[in-house]
Amino acid sequence: AIQHRLWPEIEKTVQIQVSMAKMGIGECGSGWQLFAEDGEMKMYRREEEVDGMVVDPLKAVHIVKGITGHEVCHHFFNPQYRYDWETTLEHMTVLETISEDTLVFLQTHKRIWPASQRDGLFWSHIRKLPNEKDRDGPDIWTVVNNSTDHPDYPPNNGKCVRVFLTVCLLCQTTVDPPKEGTSLTRDNLSCKITYCSVVNPGGWAPASVLRAVYKREYPKFLKRFTAYVKNQTKNKPIMF
Ligand SMILES: CCCCCc1ccc(-c2ccc(S(=O)(=O)CCO)cc2)cc1[C@H]1C[C@H]1c1ccccn1
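This is a predicted model, so every value here is computed, not measured. The numbers attached to residues start from 1 for each chain and follow its sequence in the written order. A pLDDT threshold of at least 70 governs which residues receive local features in this predicted model, and a stricter bar of 80 or more applies before side-chain atom pairs are shown or counted, although totals over entire chains, interfaces and linings include all residues. Water and hydrogen atoms play no part in the side-chain values, which are based on all heavy atoms of the structure.

Draft legend 1. Region of interest: the pattern of salt bridges. Note on definitions: salt bridges are taken to be side-chain nitrogens of Lys or Arg within 4 Å of carboxyl oxygens of Asp or Glu. Tallied over the full model, the rule gives 16 salt bridges. For Lys22, the salt bridge is made with Glu132, and the minimal N-O distance between the two is 3.3 Å. A residue pair is termed long-range when its members are at least 10 positions apart, and Lys22 in helix α1 (residues 7-22) and Glu132 in the loop between β8 (118-129) and β9 (140-147) qualify at 110 residues. Notably, a salt bridge pairs Arg186 with Glu71, separated by 2.7 Å at the nearest N-O pair. The numbering of helices and of strands both runs from the N terminus, where a helix is a DSSP run of H or I of at least 4 residues and a strand a run of E of at least 2.

Draft legend 2. Quick peek at the packing of helix α2 (residues 69-77) against helix α4 (residues 207-233). Simply put, an axis is a line fit to the C-alpha atoms, just over the touching stretch for a helix, and the angle between two N-to-C directions goes from 0 to 180 degrees. At a minimum axis distance of 10 Å, the contact between α2 and α4 shows a crossing angle of 110°. By the angle between their directions, the pair α2 and α4 is classed as roughly perpendicular. The handedness of the crossing between α2 and α4 comes out as right-handed. In this structure, α2 uses Glu71, Val72, His75 and Phe76 to contact α4, whose residues at the interface are Phe221, Phe225, Tyr228, Val229, Gln232 and Thr233. Across the contact of α2 with α4, the residue classes tally to 6 nonpolar, 3 polar and 1 charged. Each angle is binned into one of four classes, with values under 35 degrees roughly parallel, values over 145 roughly antiparallel, values of 65 to 115 roughly perpendicular, and all other values oblique. Note: crossing handedness is left-handed where the near helix turns anticlockwise from the far helix by less than a right angle, and right-handed where it turns clockwise. In what follows, residue pairs with any heavy atoms lying within 4.5 Å of each other are defined as contacts. Classification convention: Asp, Glu, Lys, Arg as charged; Ala, Val, Leu, Ile, Met, Phe, Trp, Tyr, Cys, Pro as nonpolar; all other residues, Gly among them, as polar.

Draft legend 3. Structural context of the site of the ligand. What surrounds the ligand is a group of 19 residues, the closest being Glu86, Thr88, Gln107, Asn145 and Tyr195. Two N or O atoms form a polar contact when they lie within 3.5 Å of each other; inside protein one atom must be a possible hydrogen donor and the other a possible acceptor, and for residues adjacent in sequence the pair counts only when both atoms belong to side chains. Gln107 has a polar side-chain atom sitting 2.9 Å from an oxygen atom of the ligand. Taking Asn145, its side chain carries an N or O atom lying 2.9 Å from an oxygen atom of the ligand. Surface accessibility in these figures is a Shrake-Rupley result with a 1.4 Å probe; residues are shielded only by whichever protein chains are displayed. For the ligand, whose accessible area on its own is 660 Å², the fraction buried by protein is 99%. Of all elements in the fold, only α3 (82-85), β7 (102-109), β11 (164-175) and α4 reach the threshold of two or more residues within the shell around the ligand. The greatest single-element share of the shell around the ligand, amounting to 5 residues, is contributed by α4. Taken together, the residues of the shell around the ligand break down into 11 nonpolar, 4 polar and 4 charged. Nearness is judged by heavy atoms alone; a residue qualifies as near a molecule or strand once a single heavy atom is within 4 Å of it.

Put into structure tokens, the structure is as follows:
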């Protein structure tokens, strides 16, 4: 197949993001602080600033029963579900379909007072990865989103400030085999979800406002998104 202009960048970014997502919090370098916990969900952040702007990297680990990594990534990647779970979205369009596993999105997020409204333009790539730990086990699935440019939508030329983001959703499914002679059900499934994100707000916003927004929005987002996937899949055949 002919290579797309973004292919080399996608390949490199996916490798870097997946290897970082696989590292435990301890290995990921020091400075991670647990800032939210809810049942199996643990959210960590590092306080970092770039040119005086808060860009706190975020790493969340969540274990959800009854769904697979493919189902989680499928609902995260596909545009048709996004308005159902992404509450901060005001508008979303797919600017480019590079291939069936790679899209370019333009999203405007609802304004968060007192900061100005933000938009994001990024490529999004979904990929199945071999399960190195257990060759017969279910595959690992990932979605990586990374800011990019588009000739028709230069940053900051309208009402929105352009954010710069890198996001990695990495999902590892575990199957607890059912008792002899009983068939596999969703009760035998669990999925370890690692969500890593770095969002540079693009233009100045008060550090206190940004940190309060992140503290409120990220836990809400991951809980709402995973509950959405459980609800969407509960009466459907398992998608491995
Ligand atoms: C003054 C606020 C400046 C930053 C606003 C902003 C913009 C984009 C984003 C963002 C963009 C994409 C993604 S995603 O994971 O790729 C999914 C696809 O939508 C995720 C989060 C976040 C935030 C920050 C609100 C914070 C916030 C946190 C979780 C959800 C929504 N908002």
